[in-house]
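Secondary and tertiary structure notes
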Amino acid sequence: MQRVSLSVLQPGMTVAANVRGADGRLLVRNGTMLNETNIKKLALLGIGSIYIKNPLFEAIDVPELVGENTRIRLIQALQAAFAGYQKTGELDANPLRTDVKAMVEEVIGNRDAMIQTYDLRTYQDYVYAHSVNVAIIAVLIALNLDYNEAKLDDLALGALLHDVGMLAVPNEIIMKMGNLTPEEAAAVQEHAQQGFEIVRKRREISTPAAHVAFQHHERFDGTGYPRRLKGDAIHEYARIVAVADIFDALIADRPYRKGLLPHEAYEIIMTLADRYVDKSILDLFLNNVAIYPVGTVVQLSGGQTAVVAQVYPKLQARPVVKTILDPAGKLVKNGPEIDLSQQLTTFVTKVYNERELFSLDAFSDSLTG
Ligand SMILES: [Fe+2]
């Protein structure tokens with residue numbers, strides 16, 4: 001199966017996994033053949049991308065760091081906690097702890113699955129989905145710092161709540177499309193201090209975890225906010241979350257721009273080492289993120305088009321790929337696998353974005369034919 005965004009869906013494509021809303025409700029069942037009506041319905045409900053059947057991707061098995069159900073439960077729990085805060089003025093994070101623990105255990109169990117970043121862009125409801133992604137990435141980084149499970153749970157809860165202070169920022173500023181005035185920008189920056197005030201009162205949130213909300217916009221070189229902390233004066237939790245926060249923001253689709261492809265985000269975030277983020281922590285992250293996630297379609301230096309079938313840690317730039325189109329653009333059934341870590345004279349010359357991919361006739365014909 002292949003994960004595709006809504007904009008390239010066509011009637012006649014077949015859904016390859018149940019599609020659920022952010023509230024967990026089943027929207028479209030696995031096996032449904034799409035028509036104009038259910039494509040419109042998905043768009044109205046704000047679904048960003050879904051899995052479709054693709055014979056070219058039959059042998060492609062996308063490893064998941066965290067399963068769909070765990071992710072959705074965590075999103076729901078976070079929504080409930082934020083809604084509770086808005087009603088009562090108190091953030092009760094206790095109900096989140098079970099779901100945080102379940103997520104941490106899954107990441108530990110799947111730690112060999114590198115972050116398959118295409119998997120992260122699922123939901124429209126950005127704040128919740130983003131917060132959950134940040135928590136997942138933070139745990140993956142911290143595993144490489146040999147945190148024990150209690151410390152991972154602690155970090156994960158802090159990471160999940162890093163932007164809780166946004167609840168105190170006026171909605172019309174958050175929703176504003178154009179540039180912010182200096183006053184509005186200052187109001188947004190307030191979310192760090194505000195978030196800290198919300199979480200520091202809570203006994204279920206440790207002091208270091210509370211400091212994630214306070215410090216996640218500090219920069220390693222001392223140019224961040226709110227206190228211009230520098231280097232190790234920024235708590236390690238917050239240095240981890242800063243990396244996770246920036247990377248997920250780069251690859252996320254937003255109403256005003258398309259997210260970057262993983263290899264693009266990889267290049268951008270590398271330039272921030274020791275300026276915005278701690279290089280030693282960034283390196284731990286970069287060693288565990290797939291530059292070309294499984295399912296990415298690439299062009300090779302021999303002219304053929306191939307799909308990434310497997311990625312090995314530390315060899316992220318040299319995945320195993322499977323040929324799907326020959327150099328003339330004709331479909332190749334059961335194309336050969338090429339291990340780029342062995343075949344050193346073959347290179348990835350291009351990464352297809354979805355629009356380019358679906359404009360290849362042979363490719364889109366194979367989906368609805
Ligand atoms: Fe933030």
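A brief structural summary. Everything quoted here is computed from the prediction, not taken from an experiment. (Residues numbered from 1 in each chain as written. Predicted model: local features only at pLDDT ≥ 70, side-chain atom pairs only at ≥ 80, totals over all residues. Heavy atoms only, no water.)

**Considering the coordination of the iron ion**
Put simply, the ideal angle at a metal is 109.5 degrees for four donors in tetrahedral geometry and 90 or 180 degrees for six donors in octahedral geometry. Summarising the metal site, the iron ion is bound by the protein donors Asp163 (OD), His191 (NE2), His216 (NE2) and His217 (NE2), whose distances to it range over 2.1 to 2.3 Å. Coordination at the iron ion is irregular: its 4 donor atoms span angles of 83 to 170° at the metal. Sequence spacing of the donors to the iron ion: D-x27-H-x24-H-H. Of the two residues, Asp163 is situated in the loop between α5 (149-160) and α6 (171-175) and His191 in helix α7 (residues 182-200); the sequence distance between them amounts to 28 residues. (Donors = N, O, S within 2.8 Å, 3.2 Å for Na, K, Ca; no water. Tetrahedral: all angles 85-135°; square planar, octahedral: opposite > 155°, others 65-115°. Helix = DSSP H or I, 4+ residues; strand = E, 2+ residues; numbered from the N terminus.)

**What about the pairing of strand β5 (residues 297-300)?**
In the sheet, β5 pairs with strand β6 (residues 305-310) via 3 bridges, with the strands oriented antiparallel. Along β6, the bridge assignment pairs Val298 with Ala306. Linking β5 to β6, which pair antiparallel, is a turn of 4 residues; within it Gly303 sits at a positive phi near 95°. Here β5 pairs with strand β9 (residues 348-351) via 3 bridges, running antiparallel. Bridge pairing in β9 places Val298 opposite Val351. (Pairing = 2+ DSSP bridges.)

**Let's talk about the packing of helix α2 (residues 68-88) against helix α4 (residues 126-143)**
Contact pair α2 / α4: the axes reach a minimum separation of 9 Å and the direction vectors enclose 120°. By the angle between their axes, α2 is oblique relative to α4. For the element pair α2 and α4, the recorded crossing hand is right-handed. In this structure, α2 contributes Arg71, Leu74, Ile75, Leu78, Gln79 and Phe82 to the contact, and α4 contributes Val127, Tyr128, Ala129, Ser131, Val132, Asn133 and Ile136. Grouping the amino acids of the contact of α2 with α4 by side-chain chemistry returns 9 nonpolar, 3 polar and 1 charged. (Axes fitted to C-alpha atoms, helices over the stretch in contact; angles between N-to-C directions. Parallel < 35°, antiparallel > 145°, perpendicular 65-115°, else oblique. Left-handed = near helix turned anticlockwise from the far one by under 90°. Contact = heavy atoms within 4.5 Å. Nonpolar A, V, L, I, M, F, W, Y, C, P; charged D, E, K, R; others polar.)

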